[in-house]
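# Examining the three-dimensional arrangement
Now for the letters of each chain:
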Amino acid sequence: MGRIIAVANQKGGVGKTTTTINLSAALAGLGMEVLVVDCDPQGNATTGLGLSKKEIILNEDSTSYDLMTNDAPAEECIKETQLTHLKIIPSEQNLSGAESEILNRDGRNFILREKLQKLKEDFDYILIDCPPSLTVLTINALTAADAVLIPIQCEFYALEGVSQLMSTIALTKNRLNAELDIEGVVFTMYDSRTNLSQQVIDEVKSNIREYIFETKIPRSVRLAEAPSHGLPINLYDVKSNGAVAYKELAEELIKKNGKKTESSKSAVKNTTRTAGKVTKSGASKRAVRKTALQDKKSK
Ligand code: ATP
Ligand code: MG
C-alpha cells in the first residue's frame, strides 16, 4: 500500500518543489514506484521533471486542474517522466482557478483524497507538491495525505509560519483526516560553513518535537540548475553533493517507513526514457471521456 506524502510549508521558496522532484527521483532510483502530484499552479515540479506546460495546454492533456474540478479519474491525468519508476500528474496556471471553482462545493476538501485513494495500490509513494499558501489546494493535499514532510530552509526567519502550518495540520487532523502524521522536517539549503545554518537547526530542534531527518540538503548550484534542464538531480549530475543528499534522504525515508527496496527493482534503477516527455495517453483518454459525456447528454 502506497504512502501519500504532502510536501508543505506555506513559506515560499524553502525547497518544497526541489525536494518533491529530487526525493521522488531518488526514491524511483531505488526502485520505488513513485507518483508526483503537482498541486501548485506555478507548475514548477511539472517543468522541473521535464514536461512542457505549453505542450500540455496544446494537447489539452488532463492535469491536476481536471483532477480537482471535474470527474477526471486520476489515472487519466498521469504522465510519464524520464525515469522509469516516476510518474507525474502535472499542473499549469489554470489550477489557480480551481480554488474558486470548488470553494462552494460540498466535500471540497476531500476531492484529492477520493481521487488518490484508488492509486495507493499502484505506487509505493505519492508525493504532493503544495503551493506556498494554506488555501483549499493545500488543505486537499493534507486531507489526502498519510503524512506531511516539511522542508525548512536554513535561513533567518526559518520558523516564520511554521507554527501556523502546525496548527493547520492539527486542525486538518481533527476535522478532516484523523490519520494525518508529520513525516518530519528536512533542512534545505544547508551551508556547513555558516553558523547561521547550525543556529537555525538548533532553534528548530528546540521548538519542534517532530521527527527531524538526519539528512540535510546542502545549498548546491547543481540543484538550482537542474530544473532549467528539466532534469532531477540524479539525472543531471548524479555525483553532486545534492544528488547524494537526496539519495540519502530517500534511504532514510524508506527505512523510517519500514519499506523494502526490491533488488529486482533497483537493478533497473535510473533507466531513462527517450524524448516523448509528455505522453498523449491522457489526452486521448480525455477525448474518449468527452465523447462519452457528449453521447450521454445527447441521449
Ligand atoms: P514556492 O514556495 O515558490 O513553491 P519552493 O518552496 O517550492 O518555492 P523551490 O522552488 O524548491 O522552493 O526553491 C526555491 C529556489 O531555491 C529555487 O530557485 C531553487 O532552485 C532553489 N533551491 C532549492 N533548494 C536548493 C538547494 N538545496 N541549493 C540551492 N538552491 C536551491
Ligand atoms: Mg514550489
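First things first, this report covers the structure right here in the doc. What you see is a predicted model; the values in this text were computed from it and never measured. (Residues numbered from 1 in each chain as written. Chains lettered and ligands numbered in written order. Predicted model: local features only at pLDDT ≥ 70, side-chain atom pairs only at ≥ 80, totals over all residues.)

## Side note on the site of ligand 1
Let me state the cut-off plainly: Each residue gets a C-beta atom placed from its backbone. If that atom is within 6 Å of a molecule or strand, the residue is near it. The numbering of helices and of strands both runs from the N terminus, where a helix is a DSSP run of H or I of at least 4 residues and a strand a run of E of at least 2. Here the term charged refers only to Asp, Glu, Lys and Arg, the term nonpolar to Ala, Val, Leu, Ile, Met, Phe, Trp, Tyr, Cys and Pro, and the term polar to all other amino acids, Gly among them.
Within the structure, ligand 1 sits among 19 residues, and Gly-12, Lys-16, Thr-17, Thr-18 and Pro-132 are positioned closest to it. Elements with a minimum of two residues in the shell around ligand 1: α1 (16-29) and α11 (221-225). It is α1 that contributes the most residues to the shell around ligand 1, 3 residues altogether. In terms of residue class, the shell around ligand 1 is made up of 6 nonpolar, 10 polar and 3 charged.

## So, the sheet that holds strand β6 (residues 147-153)
Inclusion rule: Two strands qualify as a pair provided DSSP detects at least 2 bridges between them. Any two residues are considered in contact once their C-beta atoms, placed from the backbone, lie within 7 Å. Each axis is a line fitted through C-alpha atoms, and for a helix only the stretch in contact is used; angles between axes span 0 to 180 degrees, taken between their N-to-C directions.
Reading across the sheet, the 7 strands line up as β3-β4-β2-β5-β1-β6-β7 and stay open at both edges, with mixed pairing between neighbours. The sheet is open, and its two edges are formed by β3 (79-80) and β7 (181-188), each paired on a single side. Strand direction decides the pairing type here: strand β2 (residues 34-38) and strand β5 (residues 125-129), joined by 5 bridges, are parallel. The residue of β5 that forms the bridge with Val-34 is Tyr-125. Against the sheet, α1 contacts β1 (3-7), β2, β4 (86-89), β5, β6 and β7, and its axis sits at roughly 165° relative to β5.

## Let's talk about unusual backbone geometry
With a phi angle near 55°, Glu-60 is a residue other than glycine that sits in the positive phi range. Checked against the element boundaries, Glu-60 lands in the loop between α3 (53-58) and α4 (64-69).

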